[in-house]
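Here is how the chains run, residue by residue.
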Amino acid sequence: MKWLLKKLLIFLFTLLAISLLAFLAFQMIPGDPALSLLGTEATPERVEALRQKMGLKDPILLQFGRWLFLFVRGDMGTSYSYQMSVSEMLKGKLMITLTLTGLSFIFIILLSIPIGIFGIKKGGLINKVIGILNQITMAIPPFFGGILLTYLFGVVLRVFRPGGFVSYEQDVAGFFTYLLVPAMAIALPKAAMTIKFLQDSILKEMNQDYVRTALSRGNSQGQVLYHHILKNAMIPVITFLAMALADMVAGSIIIEQVFSIPGIGRMLIASISNRYYPVLQAIVVLMAFLVVGLNFLADILYQKLDPRMGGQKI
Amino acid sequence: MRKEKKRSFLLGASILIVLFCFVLSSFFYMPYDPNQMDNANKFAGVSFAHWMGCDNFGRDIYSRILQGTRTTFLVAFFTIIIGGGIGTAVGAITGYFGGWIDEILMRLNDAVAAFPNFLLALVVISLIGPGTFNVIMALGIVFIPGFARIARGEFLRCRNMDYVKSAKLMGAGPFRIIIFHIFPNTIPVLLSAVTIGFNNAVIAEAGMSFLGIGVQPPDASLGRMLSEAQAYLFSTPSYAFFPGMVVVLLVLGFSLLGNGLERKA
């Protein structure tokens with residue numbers, strides 16, 4: 001249990017460091033929130049009073065502590081431009097982005113593991129073709145993949161209407177169906193990477209002594225593949241998938257733009273273009289927490305799954 | 001396995017050389033001014049005069065792709081110069097000397113490396129603002145940790161080798177050893193890191209320009225063209241197809257090249 005505690009401490013420390021860095025980075029930006037809130041015509045006394053009230057004159061670490069305390073409690077500040085609480089603005093959007101990421105993750109697993117294993121079992125020419133297709137799929141960046149899929153499903157097959165996003169409250173089925181195509185656009189290149197990673201992992205295991213032993217004891221090829229090799233080969237793949245999940249959170253930023261999905265990513269881009277710093281800060285820290293959290297889970301999973309890592313000892 | 005690597009290298013190199021020749025030729029002969037608007041030719045199809053057609057302003061798509069590819073090469077090149085240069089220097093020093101600086105920098109590195117590159121670049125862009133130069137800065141900074149980690153590993157591996165020991169016995173100073181003795185031995189590994197870096201830089205630049213925070217209009221860039229073309233996908237699919245294919249070829253070329261250069265296994 002000690003290693004888990006140690007990992008947890010490192011994890012919490014990383015979160016703290018990241019939020020401190022993000023906080024300081026946004027402090028460096030020139031500009032005075034009090035001044036921009038009151039407008040340039042405000043008297044210096046009023047600006048000074050508001051600065052006092054907003055706590056802008058406190059030591060920087062105190063400001064950080066206050067901000068972090070509120071952030072963890074779900075109060076992410078107020079957008080000066082919208083005059084609206086940031087957490088209010090982000091609540092619904094986070095749900096959309098997470099659904100999109102989740103759907104793409106399901107796609108990746110459904111595509112990559114069967115195809116990867118199928119290719120290995122058939123071998124030869126079939127696996128070569130899979131390899132070539134894989135290489136090409138990996139080279140298609142998600143935003144172009146999204147455009148190609150829009151063309152395929154929208155123009156050729158006529159089953160998808162781009163820009164036809166409906167919110168979850170309006171139409172649950174429509175919400176999920178619309179997200180299927182964007183999810184596929186995120187999933188395809190990642191699935192290709194997973195296939196390659198899985199096959200490399202299986203091929204590496206195939207040369208191990210235990211495989212030869214298992215075969216010489218009269219097990220069939222299939223038995224050895226499913227009962228012996230895959231158990232070992234899947235361990236690095238699971239870690240890879242968890243890392244891919246973190247990467248997909250970032251990948252959804254672009255895809256949301258391609259398919260005009262009103263999620264966190266679009267909000268992020270709008271906030272960058274319009275300099276809505278409180279919103280920006282909240283989104284960056286939120287995404288950072290998500291990514292670090294997923295990496296933490298991947299780490300734990302890896303230790304748990306592979307007894308050779310000696311999870312107890314670390 | 002060796003033969004496959006060679007084939008991958010050759011294929012990647014030829015794709016890139018062909019693309020590079022097109023870009024080079026554009027310095028001597030550009031069919032049209034890439035920003036020249038022409039109302040009569042709005043959405044002109046593929047023809048001998050405009051052999052990839054024209055966009056929504058009647059601008060020649062082929063000329064714009066040439067200019068955009070130039071920008072992409074430029075951004076990728078300087079990104080690697082900044083990220084690869086600083087990263088390798090940091091990795092070399094920490095890897096060779098070790099000690100507590102190494103420990104701190106690598107902990108910091110781990111924290112940053114856990115982050116998707118693209119998200120990190122967006123954070124930097126949000127701080128310094130959009131634009132071509134800022135994209136180079138943002139991506140350059142973001143690429144430093146990756147290179148530092150690879151360079152550190154290599155220098156750590158080499159620092160106790162016999163040739164380093166004998167160079168020390170002959171009185172060579174640490175910086176002489178780092179630059180003239182160890183560095184040449186790390187080049188094969190660094191080179192494959194550079195191709196992967198190019199690959200990531202091309203995707204990131206196109207992505208940021210697609211989002212409208214990279215190369216600013218009216219300058220052509222592949223990502224921007226794609227985002228503009230998206231609105232006309234149903235009427236003029238070729239507008240999206242050509243710039244997209246160039247991005248795919250660039251990425252494919254660099255990744256094949258990288259596969260061929262990779263030394264392990």
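Everything here concerns the structure above.
What comes next is a walk through the structure. Just so we're clear, the structure is a prediction, and the values are computed from it rather than from any experiment. (Residues numbered from 1 in each chain as written. Chains lettered and ligands numbered in written order. Predicted model: local features only at pLDDT ≥ 70, side-chain atom pairs only at ≥ 80, totals over all residues. Heavy atoms only, no water.)

**Considerations on the overall build of chain B**
- A count of helices and strands for chain B gives 9 helices and 0 strands.
- When the helices and strands of chain B are placed in sequence order, the string is α-α-α-α-α-α-α-α-α.
- The C-alpha extent of chain B, read off along each of the three principal axes, is 75 × 45 × 30 Å.
- Looking at chain B as a whole, 51% of its 265 residues are labelled buried.
- Contacts in chain B between residues far apart in sequence, at least 24 positions, make up 71% of those at least 6 positions apart.
- About 12,500 Å² of surface is accessible on chain B, with carbon and sulfur atoms providing 69% of the total.
- Between the mean site of the 20 positive side-chain charges and the mean site of the 14 negative ones, chain B shows a separation of 11 Å. (Helix = DSSP H or I, 4+ residues; strand = E, 2+ residues; numbered from the N terminus. Buried < 20%, exposed > 50% of the residue type's maximum accessible area, 1.4 Å probe, protein only. Contact = heavy atoms within 4.5 Å. Areas by Shrake-Rupley, 256 points an atom, 1.4 Å probe, with all protein chains shown as cover. Lys, Arg positive; Asp, Glu negative; His and termini not counted. Charge placed at Lys NZ, Arg CZ, Asp CG, Glu CD.)

**So, the overall build of chain A**
- Looking only at helices and strands, one finds 12 helices and 2 strands in chain A.
- From first element to last, N terminus to C terminus, chain A shows the α and β order α-α-α-α-β-β-α-α-α-α-α-α-α-α.
- Counting over 314 residues, chain A shows a buried share of 46%.
- Put simply, 70% of the contacts in chain A that link residues at least 6 apart link residues at least 24 apart.
- On chain A, roughly 16,600 Å² of surface is accessible, and the fraction owed to carbon and sulfur atoms is 65%.

**Some thoughts on the packing of aromatic side chains**
Residue and element names in this part refer to chain B.
- Throughout the structure, instances matching the rule amount to 11 aromatic pairs over all chains.
- With 5.2 Å between their ring centres and 85° between their planes, Y96 and F97 make a pair best called edge-to-face.
- With a centroid separation of 5.8 Å and an interplanar angle of 70°, the aromatic rings of F241 and F242 are classed as edge-to-face.
- Ring pairs connect the aromatic residues Y96, F97 and F175, which therefore count as one cluster. (Phe/Tyr/Trp six-rings, centres within 6.5 Å; stacked < 30°, edge-to-face > 60°.)

**Comments concerning unusual backbone geometry**
Residue and element names in this part refer to chain A.
- One non-glycine residue, S260, lies in positive phi territory at about 35°.
- Turning to its location among the elements, S260 is positioned in the loop between helix 10 (221-258) and helix 11 (264-274).
- The exposure class assigned to S260 is partly exposed, which follows from its relative accessible area of 31%.

**Section: empty space enclosed by the protein**
Residues and elements named next belong to chain A.
- A complete count under the given rule lists 2 cavities of 30 Å³ or more for this structure.
- The calculated volume of the largest cavity comes to roughly 50 Å³.
- Together, L94, T97, L98, V249, I264, L286, M287 and L290 line the largest cavity.
- Elements that contribute at least two residues to the lining of the largest cavity include exactly helix 5 (86-122) and helix 12 (277-305).
- Broken down by class, the residue content of the lining of the largest cavity amounts to 7 nonpolar, 1 polar and no charged. (1 Å grid on protein atoms, 1.4 Å probe; cavity = no way out; pocket = protein on both sides within 12 Å on 5 of 7 lines; lining within 4 Å. Points joined across faces, edges and corners; volume = space filled by probe spheres on them. Nonpolar A, V, L, I, M, F, W, Y, C, P; charged D, E, K, R; others polar.)

**Considering the nonpolar core**
- In terms of nonpolar packing, the biggest core is built from 143 residues, with A:F259, A:L268 and B:L250 touching the most fellow members.
- Considering every element that reaches this core, the biggest residue donor is helix 10 of chain A, with 17 residues.
- If near-sequence neighbours (up to four positions away) are discounted, A:L268 is found in contact with A:I253, A:L280, A:I283, A:V284, B:L119 and B:L122.
- Core analysis: the second largest hydrophobic core is formed by 10 residues, B:A92, B:V164, B:A167 and B:I182 among them. (Core = buried A, V, L, I, M, F, W, Y, C linked by side-chain atoms within 4.5 Å.)

**Focus on the interface of chain B and chain A**
- Counting from both sides, the interface comprises 34 residues of chain B and, opposite them, 38 residues of chain A.
- For the pair chain B and chain A, the summed buried surface comes to about 3,100 Å²; carbon and sulfur atoms form 82% of the total.
- Broken down residue by residue, the surface that chain B buries against chain A is led by B:L127, B:L211 and B:F234, which jointly contribute 18%.
- Our enumeration of links across chain B and chain A arrives at 0 salt bridges.
- Inspection of the chain B/chain A interface yields 3 residue pairs in polar contact (both at pLDDT 80 or more).
- Those elements giving two or more residues to the side of chain B that touches chain A turn out to be helix 4 (117-128), helix 7 (174-210), helix 8 (222-230) and helix 9 (237-261) of chain B.
- Among the elements that line the side of chain B that touches chain A, the one with the most residues is helix 9 of chain B, at 12 residues.
- Here the side of chain B that touches chain A is built from residues that sort into 27 nonpolar, 7 polar and no charged. (Buried area = accessible area lost by both parts, 1.4 Å probe. Salt bridge = Lys/Arg side-chain N within 4 Å of Asp/Glu carboxyl O. Polar contact = N/O pair within 3.5 Å; in protein donor to acceptor, adjacent residues only side chain to side chain.)

**Some points on the environment of A:Y151**
- By secondary structure assignment, the location of A:Y151 is in helix 7 (residues 142-156).
- Overall, A:Y151 belongs to the partly exposed group, its relative accessible area being 29%.
- With 11 residues separating them in the primary sequence, A:Y151 and A:P162 have C-alpha atoms 9.3 Å apart.
- For A:Y151, the residues in contact, after removing those within four places along its chain, are A:V156, B:L233 and B:P237.

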